[in-house]
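# A structural walkthrough
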Amino acid sequence: MLIYYIKLAVISLRRTPLLSFLMIATISVGIAATMITYTVSYMMSKDPIPSKSERLFTVHLSSWSPDQMFRMRDGKEDIPMFVTYQDAMNLYRQKVGVNQTIISSHKAMARSSTQPINEAISTYIRPTTHEFFGMFEAPFLYGNPWSSLEDEQGTQVVVLSKQRNERLFDGQNSIGKEVLIGGLLYRVVGVLDDWPLIPRFYLEGSEMFTEARDMFIPFRTQVNNNWLSTKDTSIYCWGDYDLNELNSVLNSECVWLYFWVELNSAEQRSDYLNFVNNYAMEQREFGRFPREQMNRVFDVNEFIKYSKVVSSDSKIAVWLAVAFLIACLLNCMSLMMTKFHGKGSEVGLRRAIGASQQDIACQFTCEAVLIGFAGGVLGLVLANIGLSVTAQVYSHLNAQLMTMNIELVMITILVSVATSILFGGYPIYRACKIQPSSQLKSL
Amino acid sequence: MKDLKPIIKSLLHSKMAPLLIILQVAVTFTILVNSIYLMVEKHADINNPSGLAEESLFSFQMSINGEDMDEKVANLYRDLESIRALESVAEVTTVSSIPLSHRGGGFEIRLDPNESGYITKAAFFTGGHQIIETMELNLIAGEGFSLIDEGVMSTFLADRAVGIVITKALAQELYPEDWHKALGKTVYLNQSPQTIRGIVEHMVGPWSFWPQKNNNVIYPTIFIMGDMNVLVKAHKGQREKSMRDVVELLMQDPSRYIDELKSMSELKETAYQAQNAAYTTLQAVILGLSLITMLGVFGQARFTVLKRRKQIGTMRALGASRVEIIRYFTLENAFITACGIAIGVILTILANNLIVEHFALSPVPVPYIIYGGVIIFIAGLVAVIQPSIKASNVSPAEATRSV
């Protein structure tokens, strides 16, 4: 029976091609607009690392000056999202979590050891510790992270991004080859695969939609080489410091390092916070941590929310698009009214030879579903075209934001079908109510 | 106007179809008005006057050599001198951050040092005494800096009492009643007191998206860091040549590196990319919406014409002219659109309250509601032309045929 209804629906759609096209087109345009904006907003705010987002934490400490607060945020005192070198090292060495890592940044000229010096390019570098790769699930194409021993000794080793490996070594397995960073030799121990982490939650908000950096080196080597790039690092200071001397920064109260910790389970969070608070109290004995203590740990999603990366622009866009979809659906609804009105005599005839109201409803629902489905498919095509255009216009954002995953594709079709049934409801109801007698008289 | 009564009666007779159009118009109106307003706001944002000589400025980062502070300073001065000596270069200075480069630092601004909160925030531009001349800022009150004011420091603090030059926007925020009053007053940058010695008309800060981007402070002290920002003003029309000249000159030193070499036009384009993208999107939304509404009105009008062939035929047979038929349908649609707009105005005001509450945006001003109404009304009129002409072509003989 269902197949028969679908057949009827197809015939009916083909009988009025212009009207059918208009209906499908309006739905698809509305669906496309909604899905384009929703995709961007969804990709911006989705959980980037579902397997451990509840047990990865970043640590923020109240180490700021007694004279004034670090800053106001939303009308309240806020503490820095970075920690000082002393605190990062102390927390790292105590190894209270399963894994912990320090994340720094640096910028230097880099080239492979076989390239001439004038081919060196300015490169953003990520000094960190070996745990980083495992904690944030960075995929390796070749090789492995460096070892904890290499971290301690400050061995000059580097992990390359896939892109940089292609540029320097034609995408070959480059383990054991050498690159020059800031004039110093670093041995390649690993090459990352594509790493589409959205948002790149371990960084501050303004960097969360950037690509991963091209080179990762042991943090110890940055310290040993006395590297500090004030043009690249976000660094906030109080007390005595000289930004020209890394040593001075290391011993100062300047905050500039991210500290992340991985715990066994989300339940250990309060234990860890206690540990951090106790640590702050110990530091007070050395005259540090003078302010009222507001130390905190944020899990991944809390930190993303704190960073306010989903701009209100993109939220407004979604609401505008939903309203746009409603306008389109209302339009489609009136087209359906037109359509079903024209089919009065057909309904009359079918009712006269024994079809019940339910049968008629079923038949027209099939038609509405078909329209919705076609609109969804066309909408999907339009949305993907729209997204590639959007990726061009918004080239400053990560292109990964403008790609639909399978979930979103399903949502698109479902929304389209569901809304067309919903908005087709009234026209269908009206069609069912047609009296057989009134229509048959004029035949 | 005597037509209006039968129109309303016939609309009330079959409510659903016109109601749908009314709703559609209302929803469209709401989105349209909000989008137009957002678009105009973005437009103002993008066209925010930078105050700079955009066409002739460029900037870059360079390394400076030297074992200690004195040596670094000496090398920096020598580099700047040799850049200034280039034929294509009009003026050069070093400055802690470049406008629109998205990198910089700032301070909280207070008039009373013991205040717990602050009045506003401002970005801090510290560098050579030629900053104002290099950027070609328009000094509208007080005085700028000269060589004797210049100093050198290695911490990001304004602790030398030489005075500062601020933007008019900042002065207005400090003294809303009269910005002239700011001149000569003492303000506190975090905790450091500074006297305001000059006010410039416009100057844009490092971050294009920052609400306080027009609040800027200039301070004549060279802040020595590992990499120095250099801002160069080329002679008119010679920027390309000047960029090449400067690179050639500096790269004579093999240990030097230069990075982020960008013209101010490039920086501006990158800085406003997000706003520009949003602007384009809003334009597309407005266009798409208008088209969909017109399509809806068009479909609805055709539908009513089809449904009422017999009625139209009767009207014609009873002596209605073609013009009267066209008038009838135009009026009917105008009425429907007007109802839609009326509901739309209410929706807009409601949506406005939500937007203000959830997104911290300012509400849509009344003129936009009027403009939006006019646009939708005209779109509706255009859409109804073809169906009403079609209706006027219905022959009076139609009335005599049975349906």
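All of these numbers come straight from a predicted model, not from anything done at the bench.

Looking now at the pattern of salt bridges. For the structure on display, the rule yields 32 salt bridges over all chains. The partner of A:Lys339 in a salt bridge is A:Glu367, with the nearest N and O atoms 3.6 Å apart. Taken together, the residues A:Lys339 in helix α11 (residues 312-342) and A:Glu367 in helix α13 (residues 357-393) connect sequence positions 28 residues apart. Here the two residues A:Lys339 and A:Glu367 agree in accessibility, since each one is buried. Here B:Lys233 and B:Glu136 are joined by a salt bridge, their closest N and O atoms 3.2 Å apart. Residue B:Lys233 is found in strand β12 (residues 227-234), and its partner B:Glu136 is found in the loop between α4 (131-135) and β5 (139-142); the two are separated by 97 residues along the sequence. Through salt bridges with shared partners, one network takes in A:Glu207, A:Arg213, A:Asp232 and B:Arg103.

The next thing to look at is the domain arrangement of chain B. Taken domain by domain, chain B consists of domain 1 (4-47 + 274-400) and domain 2 (66-255). Of note, the centres of domain 1 of chain B and domain 2 of chain B, computed from C-alpha atoms alone, are 54 Å apart.

Residues and elements named next belong to chain A. For chain A, the domain assignment lists domain 1 (2-47 + 311-442) and domain 2 (56-306). In this structure, domain 1 and domain 2 have C-alpha centres spaced 49 Å apart. With both sides pooled, the region where domain 1 packs onto domain 2 buries about 740 Å², and carbon together with sulfur makes up 55% of that total. For the pair domain 1 and domain 2, the number of links is zero salt bridges. Across the contact surface, domain 1 and domain 2 share one residue pair in polar contact (both at pLDDT 80 or more). Considered class by class, the residues forming the side of domain 1 that touches domain 2 number three nonpolar, two polar and two charged.

Residues and elements named next belong to chain B. Within this structure's numbering, the places UniProt gives as "transmembrane region" (unreviewed entry) are residues 20-40, 277-299, 334-356 and 368-385. The span residues 20-40 is 100% helical and 0% strand by assignment, and the distance between its end C-alpha atoms comes to 30 Å. Within the segment residues 368-385, helix and strand shares are 100% and 0% respectively, and the terminal C-alpha atoms sit 26 Å apart.

Within this numbering scheme, the UniProt entry marks residues 77-245 of chain B as carrying the feature "domain: MacB-like periplasmic core" (unreviewed entry). What you have in residues 77-245 of chain B is 16% helix and 34% strand, and the ends, taken at the C-alpha atoms, are 18 Å apart.

The next subject is the sheet that holds strand β1 (residues 57-63) of chain B. All names here are of chain B. Taken in spatial order, the four strands line up as β2-β12-β1-β13 in an open sheet, and their pairing is antiparallel. Two strands close off the open sheet at either side, each with one partner strand: β2 (89-94) and β13 (258-263). Pairs of neighbouring strands in the sheet enclose a mean axial angle of 20°, with direction left out of account. Packing against the sheet, helix α7 (residues 264-271) makes contact with β1, β12 and β13, and its axis sits at approximately 85° to β13.

What counts and how
Residues numbered from 1 in each chain as written. Chains lettered and ligands numbered in written order. Predicted model: local features only at pLDDT ≥ 70, side-chain atom pairs only at ≥ 80, totals over all residues. Heavy atoms only, no water. Salt bridge = Lys/Arg side-chain N within 4 Å of Asp/Glu carboxyl O. Helix = DSSP H or I, 4+ residues; strand = E, 2+ residues; numbered from the N terminus. Buried < 20%, exposed > 50% of the residue type's maximum accessible area, 1.4 Å probe, protein only. Domains from an automatic or database assignment. Buried area = accessible area lost by both parts, 1.4 Å probe. Polar contact = N/O pair within 3.5 Å; in protein donor to acceptor, adjacent residues only side chain to side chain. Nonpolar A, V, L, I, M, F, W, Y, C, P; charged D, E, K, R; others polar. UniProt positions renumbered as here; feature names shortened; annotations may be inferred. Pairing = 2+ DSSP bridges. Axes fitted to C-alpha atoms, helices over the stretch in contact; angles between N-to-C directions. Contact = heavy atoms within 4.5 Å.

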